[in-house]
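Residue-level listing of the chains:
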Amino acid sequence: MAEEMRKDGRVFVMGEEVAEYQGAYKVTQGLLEVGGLRPIVEFMTFNFAMQAIDHIINSAAKTNYMSGGQMRCPIVFRGPNGAASRVGAQHSQNYGPWYANVPGLIVISPYSAADAKGLLKAAIRSTDPVVFLENELLYGQSFDVPKLDDYVLPIGKARVAREGKDVTLVSYSIGVGVALDAATKLAEQGIDAEVIDLRTLRPLDRGTVLKSLAKTNRMVCVEEGWPTCSISSELMAIAMEDGFDDLDAPVLRVTDEDVPLPYAANLERAALITVDKVVEAAKKVCYRG
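Residues numbered from 1 in each chain as written. Predicted model: local features only at pLDDT ≥ 70, side-chain atom pairs only at ≥ 80, totals over all residues. Heavy atoms only, no water.

Draft legend 1. Broad picture of the sheet that holds strand S7 (residues 167-171). With mixed pairing, 5 strands are arranged side by side in an open sheet as S6-S8-S7-S10-S11. Each end of this open sheet is capped by a strand with a single partner; those strands are strand S6 (159-162) and strand S11 (252-255). Taken pair by pair, the neighbouring strands of this sheet meet at an average axis angle of 25 degrees, ignoring direction. Relative to strand S8 (residues 193-197), S6 runs antiparallel, the two being bridged by 3 bridges. Looking at S8, one finds that Val160 is bridged to Ile196. Helix-sheet contacts for helix H10 (residues 275-285) involve S7, strand S10 (219-223) and S11, and the interaxial angle to S11 is about 175 degrees. (Pairing = 2+ DSSP bridges. Helix = DSSP H or I, 4+ residues; strand = E, 2+ residues; numbered from the N terminus. Axes fitted to C-alpha atoms, helices over the stretch in contact; angles between N-to-C directions. Contact = heavy atoms within 4.5 Å.)

Shown next, in the form of structure tokens:
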């Protein structure tokens, strides 16, 4: 954000406690001194974005279409998304499928720090509104970031996080880490899993998903979120519509349980996706368990 603010005087940050307090998670440290009118709006958590959902969906998303292309709306809405750790049901929701449902919005949900940087820079430069969903638990993990002067990634392009030939695991955000750990465990059992990191939820990279499915002939969707009307649901539809002839088994999905996330630690663990659940699903589509 700082790089883009220094590059373009119109870019600025607004949100709860983003200035002198330097952000709820200290993401905006030092940005008070930098700045412009391409706003970056930080939500302390995307659960609080419910208070602004009308502005995101009914105003930002529709500006370009309703003005006949005469007006654009370059704005980034960003902040932590998804389940944290024992913060209760009202603070533990994945808004990826919610916003990905809306024409006019770009929705990005990265896993690694490198992707977060490259895609956030692309989001700030976009002339369309972008919902940028970070993950609260991933703030505590470290990743390598390329040391380039201007590291920008293309919006709408998935990444093959791990090559494989027996089954495709498709995920995004924190679910990618679960899928990668599951792939390691599956390799110990003789199953070679390919892992696809979607990175962008709207537009969704159908091509990369279908190319992987054509290679492995089996697919499991891994999503830290509810199953009903999910990104996994969309992926399953894509597989049926455009990849049916490549399927050697039904597409399965591993998601959170279809309940508000419990506060109790043992119930929270039971409701969330796990490596073992992904391994079980992958073995099932490979007819190995």
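Draft legend 2. Focus on the nonpolar core. Counting residues in hydrophobic clusters, the biggest one holds 37 residues, and the most contacted among them are Phe46, Phe77, Tyr99, Val131, Leu198, Met219 and Leu235. Listing elements by their share of this core, those giving two or more residues are helix H2 (53-60), helix H4 (96-100), strand S5 (130-135), helix H7 (206-216), S10 and helix H8 (231-242). If one sorts the elements of this core by residue count, H8 sits on top with 4 residues. Look past the residues within four positions of Met219 in its chain and what remains in contact with it is Val167, Thr168, Val170, Val209, Leu213, Leu235, Ala239, Pro250, Val251, Leu252 and Val285. (Core = buried A, V, L, I, M, F, W, Y, C linked by side-chain atoms within 4.5 Å. Buried < 20%, exposed > 50% of the residue type's maximum accessible area, 1.4 Å probe, protein only.)

Draft legend 3. Summary view of the environment of Asp192. As for its position among the elements, Asp192 is in the loop between helix H6 (174-187) and S8. On the basis of relative accessible area, Asp192 is assigned to the partly exposed category, the value being 24%. When the C-alpha positions of Asp192 and Lys165 are compared, they lie 5.7 Å apart, and in sequence the two are 27 residues distant. Excluding residues that lie within four positions of it along the chain, Asp192 makes contacts with Glu163, Gly164, Lys165, Asp166 and Val167.

Draft legend 4. Examining H7 more closely. All buried positions along H7 are accounted for by Thr208, Val209, Leu210, Ser212, Leu213 and Thr216. In the core, the buried residues of H7 are packed alongside S6, S7, S8, S10 and H8. Two or three places before Gly207, at the opening of H7, Asp205 has a side-chain oxygen 3.3 Å from that residue's backbone nitrogen. Immediately downstream of H7, the backbone of Asn217 shows phi near 70 degrees, a positive value. (Polar contact = N/O pair within 3.5 Å; in protein donor to acceptor, adjacent residues only side chain to side chain.)

Draft legend 5. Main features of the side chain of Ser212. Structurally, the position occupied by Ser212 is in helix H7. In terms of polar contacts, Ser212 uses its side chain to reach the side chain of Thr168, at 2.6 Å. Polar side-chain contacts of Ser212 include one of 2.7 Å to the side chain of Glu194. Ignoring sequence-local partners within four residues, the contact set of Ser212 consists of Thr168, Glu194 and Ile196.

Draft legend 6. Highlighting the state of the cysteines. Considering all chains together, one arrives at 0 disulfides under this definition. Summary of cysteine pairing: Cys286 is not part of a disulfide, and the nearest cysteine sulfur, belonging to Cys221, is at 14 Å. (Disulfide = S-S within 2.5 Å.)

Draft legend 7. Layout of the pattern of salt bridges. Using the criterion set out here, one finds 21 salt bridges in the structure. Where Glu4 meets Lys121, a salt bridge forms, and the shortest distance between an N and an O atom there is 2.8 Å. We note that Glu4, like Lys121, is buried. With a closest N to O distance of 3.1 Å, Glu163 and Lys215 form a salt bridge. You can see Glu163 sitting in the loop between S6 and S7 and its partner Lys215 sitting in helix H7, a full 52 residues away along the chain. The class of Glu163 is exposed, set by a relative accessible area of 55%. (Salt bridge = Lys/Arg side-chain N within 4 Å of Asp/Glu carboxyl O.)

Draft legend 8. A look at unusual backbone geometry. Geometrically, the link from Arg202 to Pro203 is a cis peptide bond, its omega value of 0 degrees lying close to zero. Along the polypeptide, Pro203 turns up in the loop between strand S9 (200-202) and H7. Within the chain, Arg199 stands out as a residue other than glycine whose phi angle is a positive 65 degrees. For Arg199, the location among the structural elements is in the loop between S8 and S9.

Draft legend 9. Main features of the packing of aromatic side chains. Within this structure, the stated rule accounts for 7 aromatic pairs. Seen in terms of ring centroids, Phe43 and Phe77 are 6.3 Å apart; in terms of plane orientation they differ by 15 degrees. Their pairing is stacked. Remark: Phe77 occurs in strand S3 (residues 76-81) and Phe43 occurs in the loop between strand S2 (38-42) and H2; sequence separation between them is 34 residues. According to the relative accessible area criterion, Phe43 is buried, its value standing at 11%. (Phe/Tyr/Trp six-rings, centres within 6.5 Å; stacked < 30°, edge-to-face > 60°.)

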